[in-house]
Amino acid sequence: MATLALAAVTRSYLRRSGGGRRESFAALGPLDLTIGDGEFVALIGASGCGKSTVLRLLAGLDAPTSGAVLINGLPPRALQAQHALGLAFQEHALLPWRSVAGNLRLPFELAGIPATTERIVELISLAGLAGFEHARPAELSGGMRQRVAIARALALRPKLLLLDEPFGALDAVTRRRMNFELQRIWLEGRPTTLMVTHSVEEAVLLADRVLVLTERPGRLRSDTRVPFARPRPTQLMRSAEFHQLVDELTASLERA
Amino acid sequence: MRLRGLIYPLVGCALLLCAWELVGRHEMLGDTFPALSQVLRVFGDVPRRALLIRSAAATMASAAVGYALGACLGAAVALLAHWVPLLRGGLDRMAVLVNALPVIALAPVLIITAGRQDTPAALAAVPVFFLLYTSTGVGLRGASQRLEMVFTTLGASRWQRLAKFEIVAAVPAVLSGMKIAASGAMIGTIVGEWFGAPSGLGVVVLNSMQNFQIPLLWATVMVIAVITLSGYGVLSLAERAARSRIGACDA
């Protein structure tokens, strides 16, 4: 499994100022962060605070301007090469010409691991899509596509699962249902997970820890442990403790 | 709805053909503008029909060879530019240069290098090369950014990314280029034939013009139009099929 460490990480970008000169502006950090093995961490913060940058750094899609990003003591690219990274975006990003089963086979093909029929069937039932094996993404609803994308991210039993607003494009009812689906799926393997979200409720419902980032450049504002036992039932969302935590975090977010 | 979409263009075409017949029959635009029926009669005449069939076969053979050559070369060079980004700037400029050369100015050079027999195919290949180079490049670069990221995080090799994703995603753009290239190949072939090819529709056009065989000239042009439009039509259908299956990468 995976332990993550961000040490004094900053990320700045070059942009053209009004006079046409290039100037650097800080998007993130400095940020120090450790995430333990098997932890589910949610990252919240205002738009443009660098949440997605943290995720991209951990995915090895971007490099820090200064500081170090380490996963099990190695740079993220090492995890890519081990085929031990799962990533799902707000938009599903499936191959439109492949069926559900074909899309789920992709990680195996890229890793050079034979995709057994049993494992594919298992993933399809994990995504709750039995009977849709041969459907193409265009024939599925938004929620179904998103479940395929998450199942694909989990296909190789990754050490690290990265979720970038995975339910951001869904309507409220579907989103709530998908939250519980994700909890169910996650509990089966408990990979170390970092989820970026805009929804405080979603963060509290799913995560072991909720991190709040400040406005740009994003720094750690608060780090809150979520005490509720798993699996968390729907009733939890109506409890006073749940609401109190959501309110505290919302307040922290507003101060950010 | 579908039927109506078909009826309007058909009625429009029928009206145009009737107008053609009337204008020709009454020589409203002079005696070099024959009536439709006069042109169609050419196809009923056995020796002239045989000439047209023989010539069309020669032209289509040249166009097909040039098309295949230009398309393969264009797509291959575009893949090379995609694989080795360092080469792209230079290859882009070379492609623009190839396109900037007027086909008609290139023809005499080809006649003395490639010979009369092969010039039509060579001239057909030039515009096809450019169009395929451009459209393949656009298709390869237009692949969805998010899917690129998915492939990166899943640890895909450069080769896997190309074979399983970028090439497939480029197919609609490539077919779109092939569709436009069909008429480009035909133009190149006909121009190439004017410079003294042994046979072909371009040769018939030239000869019938110089010998004042007006209906034959028109009939030949009609054959050229039908060949070009059929190529365009078939490739349009292929493109549409590919788009519905492969396109909408971001849907």
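Residues numbered from 1 in each chain as written. Chains lettered and ligands numbered in written order. Predicted model: local features only at pLDDT ≥ 70, side-chain atom pairs only at ≥ 80, totals over all residues.

J.: Quick question: what am I supposed to make of the overall build of chain A here?
T.: Per the secondary structure count, chain A includes eight helices and nine strands. Taking 256 residues into account, the globule formula puts the C-alpha radius of gyration at 18 Å, and chain A, at 19 Å, falls close to it. In terms of its C-alpha atoms, chain A occupies a principal-axis envelope of roughly 55 × 45 × 35 Å. Residue burial in chain A is summarised as follows: out of 256 residues, 41% are buried. Contacts spanning at least 24 positions in sequence make up 72% of the contacts within chain A whose residues lie at least 6 apart. (Helix = DSSP H or I, 4+ residues; strand = E, 2+ residues; numbered from the N terminus. Rg over C-alpha atoms; globule rule 2.2 N^0.38 Å. Buried ≥ 20, exposed ≤ 12 C-beta atoms within 10 Å, placed from the backbone. Contact = placed C-beta atoms within 7 Å.)

J.: I'm lost on the overall build of chain B in this one. Help?
T.: From N to C terminus, chain B includes ten helices and zero strands. In sequence order, chain B lays out its α and β elements as α-α-α-α-α-α-α-α-α-α. Expressed along its principal axes, the backbone C-alpha trace of chain B runs to roughly 70 × 55 × 30 Å. Counting all 251 residues of chain B, 37% fall into the buried class. Sequence separation of 24 or more characterises 77% of the internal contacts of chain B that already satisfy a separation of 6 or more.

J.: Would you mind showing me how to read helix H9 (residues 201–210) of chain B here?
T.: Owing to its 3.6 residues per turn, the α-helix brings residues three or four apart onto one side. Residues and elements named next belong to chain B. By the burial criterion, the buried members of H9 are Leu201, Gly202, Val203, Val204, Val205 and Ser208. Residues of H9 that are buried in the fold lie against helix H3 (46–83), helix H8 (158–194) and helix H10 (214–246). Of the residues one or two after H9, phenylalanine 212 is the one with positive phi, at around 55°.

J.: Got a minute to help me understand unusual backbone geometry in this structure?
T.: For residues that are not glycine, phi is negative in most cases, and the peptide bond is trans in most cases. All names here are of chain A. Omega for the peptide link from arginine 216 to proline 217 comes to -10°, which places this bond in the cis form. By secondary structure assignment, the location of proline 217 is in the loop between strand E8 (209–213) and strand E9 (220–225). The residue after arginine 230, namely proline 231, is reached through a cis peptide bond having omega -10°. Tracing the sequence through the fold places proline 231 in the loop between E9 and helix H8 (240–255). For arginine 157, which is not glycine, the phi dihedral falls at a positive 50°.

J.: What is the right way to read helix H4 (residues 85–100) of chain B from this model?
T.: In this model, H4 of chain B (16 residues) spans 23 Å end to end at C-alpha, consistent with the 22 Å of a helix rising 1.5 Å per residue. Counting buried residues in H4 of chain B gives one out of 16 residues, a small share hidden from the surface. (Expected span 1.5 Å × (residues − 1).)

J.: Quick question: what am I supposed to make of the environment of leucine 156 of chain A here?
T.: Residue and element names in this part refer to chain A. Turning to its location among the elements, leucine 156 is positioned in the loop between helix H5 (142–154) and strand E6 (160–164). Sequence separation between leucine 156 and asparagine 179 is 23 residues; the distance between their C-alpha atoms is 21 Å. Setting aside anything within four residues of it in sequence, one finds leucine 156 in contact with His83, Pro107 and Ala111.

J.: What's the story with the domain arrangement of chain A in this structure? I'm lost.
T.: Residues and elements named next belong to chain A. We note that the domain assignment places domain 1 (4–84 + 159–255) and domain 2 (95–157) within chain A. Placing the centre of domain 1 and that of domain 2 at their C-alpha centroids yields a distance of 25 Å. Listed as interface residues are twelve residues of domain 1 and, on the opposing side, 14 residues of domain 2. Tallied by class, the residues present in the side of domain 1 that touches domain 2 amount to eight nonpolar, three polar and one charged. (Domains from an automatic or database assignment. Nonpolar A, V, L, I, M, F, W, Y, C, P; charged D, E, K, R; others polar.)

J.: Got a minute to help me understand the sheet that holds strand E1 (residues 4–16) of chain A in this structure?
T.: Sheet strands associate in pairs through backbone hydrogen bonding, adopting either a parallel or an antiparallel arrangement. Residue and element names in this part refer to chain A. The strand order across the open sheet built from three strands is E2-E1-E4, with neighbouring strands paired in antiparallel fashion. Both edges of this open sheet fall to strand E2 (22–35) and strand E4 (66–71), since each of them pairs with a single strand only. Strand after strand, the sheet turns through a mean of 30° between neighbouring axes, direction not considered. For E1 and E4, the ladder comprises five bridges, and the chain directions are antiparallel. Paired with threonine 10 across the two strands is serine 66, which belongs to E4. Strands in contact with helix H1 (residues 51–59) are E1, E2 and E4; relative to E1, the strand with the most contacts, it is inclined by about 115°. (Pairing = 2+ DSSP bridges. Axes fitted to C-alpha atoms, helices over the stretch in contact; angles between N-to-C directions.)

J.: Just to check I follow, could you spell out the packing of helix H6 (residues 119–141) of chain B against H8 of chain B for this structure?
T.: Relative placement of two packed helices is described by the angle separating their axes and the distance separating the axes. Residue and element names in this part refer to chain B. Where H6 meets H8, the closest approach of the two axes is 7 Å, and the angle between their N-to-C directions is 160°. On the basis of their axis angle, the class for H6 and H8 is roughly antiparallel. Relative to H8, the crossing made by H6 is right-handed. When its residues are assigned to classes, the contact of H6 with H8 shows 21 nonpolar, eleven polar and two charged. (Parallel < 35°, antiparallel > 145°, perpendicular 65-115°, else oblique. Left-handed = near helix turned anticlockwise from the far one by under 90°.)

J.: Would you take a moment to explain the interface of chain A and chain B for this structure?
T.: It is common to report an interface's size as the accessible area lost on association of the parts. Facing the 18 residues of chain A at the interface are 20 residues of chain B. The set of elements that each furnish at least two residues to the side of chain A that touches chain B consists of helix H2 (76–81), strand E5 (85–88) and helix H3 (100–111) of chain A. Among the elements that line the side of chain A that touches chain B, the one with the most residues is H3 of chain A, at four residues. A per-class count over the side of chain A that touches chain B returns 14 nonpolar, two polar and two charged.

J.: Is there a simple way to think about the sheet that holds E8 of chain A in this case?
T.: All names here are of chain A. Pairing is mixed in the open sheet, where six strands are placed in the order E5-E6-E7-E3-E8-E9. Edge positions in the open sheet fall to E5 and E9, since each of these has one partner strand only. In this sheet, neighbouring strand axes are inclined to one another by 15° on average, regardless of whether the strands run parallel or antiparallel. With four bridges connecting them, strand E3 (residues 40–44) and E8 associate as parallel partners.

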